[in-house]
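Structural characterization, general
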Amino acid sequence: MTPTRIEVGGPQPYPVLVGHDVTRELGGLLTGATRVALLHPPTLRERAARVRDDLVAAGYAVHPIEVPDGEAAKTLAVAGRCWDTLGELGFTRSDAVVGLGGGATTDLAGWVAAAWLRGVRVVHVATTLAGMVDAAVGGKTGINTARGKNLVGAFHPPAGVVCDLAALATLPAADYRAGLAEVVKCGFIADPAILELVEADPAAAVTPGNPAERELVERSVRVKARVVGEDLTEQGLREILNYGHTLGHAIERAEDYRWRHGDAVAVGLVYAAELARRLGRLDAATAARHGAVLRSLGLPTTYRADAYPELLATMRIDKKARGNRLRFVVLDGVAQPVSIDEPDAETLSAAYSEVSA
Ligand code: GLY
């Protein structure tokens, strides 16, 4: 089946290709490169070998670099090891990095490419649902430091993104489910058809390879493509992608990052909806729709009742970096996101009752 091509606009436009076995399209995104560094975790060794064989057949000199699985890849030490390898290979400005994996791998690969010679081409091959609909698209790259996640990085748009739906078949069920939280988020902020597709058959939606999968991925990628195409560096519109993330990030931190990002975002979405309802912005039915759709997918929608003071303190620290005011993305209705500044403390606290367990 022909891949769907979704264009991301902005200063450096690029395509996102969605389909089955689309890694064959990768070569076309690397034209002009001689050497290709293929970063991948050990769990994707076989997939990386197939990609390498295809690229070698297309005439590229391919150098696989194995990086740790998951967040363990996003360290200065791992990035340094990758740069050492690029140096040994004599990697030049016209060569290219490929990141094959989930969001952590593509975040690392993007940063390795962004910093090498002040920026070489990177192409992402996203193999997880969260990677396809979020991390791989939009040019945010980075690594973690002892102080927190994604504190070092750059906006470095890829030259292309390949979403190979075939890779989802082997994704653990819990990771697939967590990725759906970002899909649902896209539905609420911009595309009600996503919500209707999920609501039509939630049991199917959590199953990799389901009939709606391709449309859900494509619609979510289109939402993200439109937003980051207009606002790469998060000066305004891009903030709507943080819907559900203010509380979500605080929960991730309270859990010492043992929760999946999407699971924390699911709780954050329900909280943000309740906040908007209590502020008189969102109708009760749309607010309730958040919990209903997320629960139907088996995603968590509650968190510890006693955690609120700690979560509030974390949300404040996070936002201090942006000028000392607590900001939330909320909805005035489906597909009507708006940012609000410093909601009153009582409403913030009362809204937590909706998610407290
Ligand atoms: N994950 C949110 C963004 O890319 O801006």
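Computed from a prediction, not measured in an experiment: that's the story for all the values here.

So, on to the overall build of the protein. From N to C terminus, the protein includes 13 helices and eleven strands. Against the 2.2 N^0.38 benchmark of 21 Å for 357 residues, the protein shows a C-alpha radius of gyration of 20 Å, consistent with a compact globule. The dimensions of the protein, computed from C-alpha atoms along their principal axes, are 60 × 40 × 35 Å. Within the protein, buried positions represent 53% of all 357 residues. Sequence separation of at least 24 residues holds for 74% of the intrachain contacts in the protein that already meet a minimum separation of 6. When the accessible surface of the protein is split by element, carbon and sulfur atoms take 50% of a total near 14,400 Å². The averaged location of the 43 negative side-chain charges in the protein is 4 Å from the averaged location of its 38 positive side-chain charges.

This part covers the site of the ligand. Around the ligand, the surrounding shell consists of Asp134, Lys140, Lys224, Arg238 and Leu241. Take Asp134: an N or O atom from its side chain is 3.0 Å from a nitrogen atom of the ligand. One of the side-chain N or O atoms of Lys224 is found 2.6 Å from an oxygen atom in the ligand. Residue composition of the shell around the ligand, grouped by class: one nonpolar, no polar and four charged.

What counts, and where the lines are drawn
- Residues numbered from 1 in each chain as written.
- Predicted model: local features only at pLDDT ≥ 70, side-chain atom pairs only at ≥ 80, totals over all residues.
- Heavy atoms only, no water.
- Helix = DSSP H or I, 4+ residues; strand = E, 2+ residues; numbered from the N terminus.
- Rg over C-alpha atoms; globule rule 2.2 N^0.38 Å.
- Buried < 20%, exposed > 50% of the residue type's maximum accessible area, 1.4 Å probe, protein only.
- Contact = heavy atoms within 4.5 Å.
- Areas by Shrake-Rupley, 256 points an atom, 1.4 Å probe, with all protein chains shown as cover.
- Lys, Arg positive; Asp, Glu negative; His and termini not counted.
- Charge placed at Lys NZ, Arg CZ, Asp CG, Glu CD.
- Near = heavy atom within 4 Å.
- Polar contact = N/O pair within 3.5 Å; in protein donor to acceptor, adjacent residues only side chain to side chain.
- Nonpolar A, V, L, I, M, F, W, Y, C, P; charged D, E, K, R; others polar.

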